[in-house]
Amino acid sequence: MTLQGPSASELQDLARSLGFGLTDGEAGEYSALLAPLVGMADAQQKMPDCLPEVKYPRTPGYRPDGEENRYNAWYYKSRVEGAPDGRLKGKTVALKDNVMLAGVPMMNGTSILEGYVPEVDATIVTRLLDAGATILGKAHCENYCLSGSSHTNATGPCHNPHRMGYSAGGSSSGSAALVAAGEVDMAIGGDQGGSIRMPASFCGVYGMKPTYGLVPYTGVLGIEAAIDHVGPMTATVADNASMLEAIAGPDGIDGRQRDVVTHPYSEMLDGGVSGLRIAVIEDGFDHPRSQPESDAVVRAACARFGELGAEVETIAFPLHREAAVMYMPALAEGLAREMMLQGGVFYGLPGLYVRGALERCNGWTERAHELPPTVRAFTLLGAWYMETLGGRVYAKGMNLQRKAKDGFARLMEDFDLLLMPTVPLVAQPFPAADASIAAYCDHAWNMLANCPTYNYTGQPSMSVPCGTVDGLPVGLMITGRWWEEPTVYRAAAAFEANFDWRTL
């Protein structure tokens, strides 16, 4: 099909929508003027695309049901065998369903994308397979990844393996549930406001949000490029470190990656915490939605690091809560602009632009009635910010990001690690089927108190299971300096080796 240039009447309609008019004569002149440039676009579109090679065979797979998918954590099962050897040989993996696995359907939690089949593998998929892992399929995630609970997926809720009818957390809900249920050894999660760490906390698994840019986001549907993270969710600290080692490092495509520092994480778990300076951030406790019992479990876990030889000090650090005020409005505007109005593309950033995904994502307005309240709320708020304040909310948020990073950098001169609850409460029951918009969204966001700050600063931050309340897991969040994931892993490994969280 040959691309035709805009007619004079089309240009007049476009001009009116952009706020200026064209006479018939002017429209004709512009039509002739632009025709050669449209000819170049036509030639460009006929060139073969530059997409990464798909290296490993697979089939489209199938939608499991019944006992094979008792928690509704699987979207599609498709077994993809990796290399014959490697650090992850023998390990099974589930991919969050915003990660592209070529030839296997992806819906990102929304009916609007149902039926889309990616053309490429994400960089992390190729790296996992190169390391010998076996991918078993795609794990359900929340609708457009905009929920910290697990009730918004278009196919229905994802249940917590510790208690049916309760949230598995989100937005990497299926990833956490499958690891917790023992159906896979490890899973990939994504994190823009806690979406690795929150479900890890609810389900009692280990979830690492790495330093911003450490793991390439190439081939993963994003929310906002300034805070998009992807990382490992596992049943053990050692598996988490091995998985991060396999997927970390620049890929030469993702424009988010700058001055990346990697380590042999799996070889740096020993050493304990003796001599480490650890700050317990008091501002991470006693939120309006905090459960006192959950806070108490985390406080006890923090004290145990002192028993292991660390220097533990409880401090006030108001910037922890202030950063959320800096961050959340900018996220709302950024996601409305990038994820909804620009089809998931952050224009101007070097990277992989998958045309099939772009076309499907851009078609949402024709099916906007299918959006859940969570997506509608953020889209409405972000669009209102743009229309009313002309970009100032996002601009201020990005400027204040430097202030937040500087403040935490000064704090980290005195401390190696920061501790606090991952979330303020344990897993909650799903909202009622007839829940109001307010109740539906409250269940999706009532756990957001602590995690978003470290998406904003970009520091490595990990949820570690540290005890239970009424049989439901409690997560401890350990945050370190930029690129110093090994220190976080050392602390997590020391806690894991000395305490059984299930009995605390």
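Residues numbered from 1 in each chain as written. Predicted model: local features only at pLDDT ≥ 70, side-chain atom pairs only at ≥ 80, totals over all residues. Heavy atoms only, no water.

(A) Highlighting the packing of helix 3 (residues 123–130) against helix 6 (residues 237–247). Two elements in contact, helix 3 and helix 6, have axes separated by 8 Å at closest approach and are oriented at 115°. Considering only the axes of helix 3 and helix 6, their crossing is right-handed. Contacts between helix 3 and helix 6 pair I124, R127 and L128 from the former with M243, A246 and I247 from the latter. Within the contact of helix 3 with helix 6, the residues separate by chemical class into five nonpolar, no polar and one charged. (Axes fitted to C-alpha atoms, helices over the stretch in contact; angles between N-to-C directions. Helix = DSSP H or I, 4+ residues; strand = E, 2+ residues; numbered from the N terminus. Left-handed = near helix turned anticlockwise from the far one by under 90°. Contact = heavy atoms within 4.5 Å. Nonpolar A, V, L, I, M, F, W, Y, C, P; charged D, E, K, R; others polar.)

(B) Quick look at the sheet that holds strand 11 (residues 417–421). The strand order across the open sheet built from 11 strands is 1-3-2-6-8-7-12-13-11-9-10, with neighbouring strands paired in mixed fashion. Looking at the sheet topology across the chains shown, the edges are occupied by strand 1 (74–81) and strand 10 (311–315). Direction aside, the axes of adjacent strands within the sheet are offset by 25° on average. As defined by bridge partners, strand 2 (residues 92–96) adjoins strand 3 (residues 134–139) across five bridges and the pair is classed as parallel. Bridge pairing links V93 to I135 in strand 3. Strands strand 9 (277–281), strand 10, strand 11, strand 12 (461–469) and strand 13 (472–480) of the sheet are contacted by helix 7 (residues 292–307), whose axis makes an angle of about 50° with strand 13. (Pairing = 2+ DSSP bridges.)

(C) Representation of the environment of G382 in the model. Residue placement: G382 occurs in helix 10 (residues 373–389). Owing to a relative accessible area of 0%, G382 belongs among the buried residues under this scheme. Expressed as a C-alpha distance, the spacing of G382 and V354, which sit 28 residues apart in the sequence, is 25 Å. Non-local contacts of G382, meaning those with residues more than four positions away in its chain, are made with A332, E333 and A336. (Buried < 20%, exposed > 50% of the residue type's maximum accessible area, 1.4 Å probe, protein only.)

(D) Spotlight on unusual backbone geometry. Between G170 and S171 the backbone carries a cis peptide bond, its omega angle lying at 10°. Within the secondary structure, S171 sits in the loop between strand 5 (163–167) and helix 4 (173–180). One non-glycine residue, N108, lies in positive phi territory at about 50°. Here N108 shows up in the loop between strand 2 and helix 3. You can call N108 buried: its relative accessible area is 4%.

(E) Summary view of the pairing of strand 3. The element strand 3 is largely enclosed, with a buried count of six among its six residues. Both strand 1 and strand 3 contribute to a ladder of five bridges, which runs antiparallel. If you follow W74 over to strand 3, its bridge partner there is A139. For the crossover from strand 2 across helix 3 to strand 3, the handedness is right-handed. (Right-handed = clockwise from strand over helix to strand, strands pointing away.)

(F) Looking closely at the pattern of salt bridges. In this structure the tally under the stated criterion is 24 salt bridges. We note a salt bridge from K138 to D97, for which the minimum N-O separation is 2.8 Å. A residue pair is termed long-range when its members are at least 10 positions apart, and K138 in strand 3 and D97 in the loop between strand 2 and helix 3 qualify at 41 residues. Per residue, the accessibility class of K138 equals that of D97, and both read buried. D416 serves as the salt-bridge partner of R481, at 3.2 Å between the closest nitrogen and oxygen. Here R481 is found in the loop between strand 13 and helix 14 (485–498), whereas its partner D416 is found in the loop between helix 11 (392–411) and strand 11, with 65 residues between them in sequence. The residues R481 and D416 share a single accessibility class, namely buried. Linked through salt bridges whose partners overlap, the residues forming this network are R277, D416, R481 and E484. (Salt bridge = Lys/Arg side-chain N within 4 Å of Asp/Glu carboxyl O.)

(G) Broad picture of the side chain of S172. Of note, S172 is situated in the loop between strand 5 and helix 4. On the basis of relative accessibility, which here comes to 0%, the residue S172 falls in the buried class. Those residues within four positions of S172 in sequence are excluded, and the remaining contacts are K96, G189, G190, S195, I196, P199 and M233.

(H) Summary view of the packing of aromatic side chains. Overall, the coordinates contain nine aromatic pairs when judged by the stated rule. Both rings, one in Y75 and one in Y76, keep their centres 5.0 Å apart while their planes meet at 70°; by these two values the pair is edge-to-face. Here Y75 matches Y76 in class, with each residue buried. Summarising the aromatic geometry, the rings of F495 and F499 are spaced 5.1 Å apart at their centres and angled 45° between planes, so their arrangement reads as tilted. Of the two residues, F495 and F499, both sit in the buried class. Chaining the aromatic ring pairs together yields one cluster made of F305, F495 and F499. Lying over the aromatic face of Y166, R163 brings its terminal NZ or CZ to 5.3 Å of the ring centre. (Phe/Tyr/Trp six-rings, centres within 6.5 Å; stacked < 30°, edge-to-face > 60°. Lys NZ or Arg CZ within 6 Å of the ring centre and 35° of its normal.)

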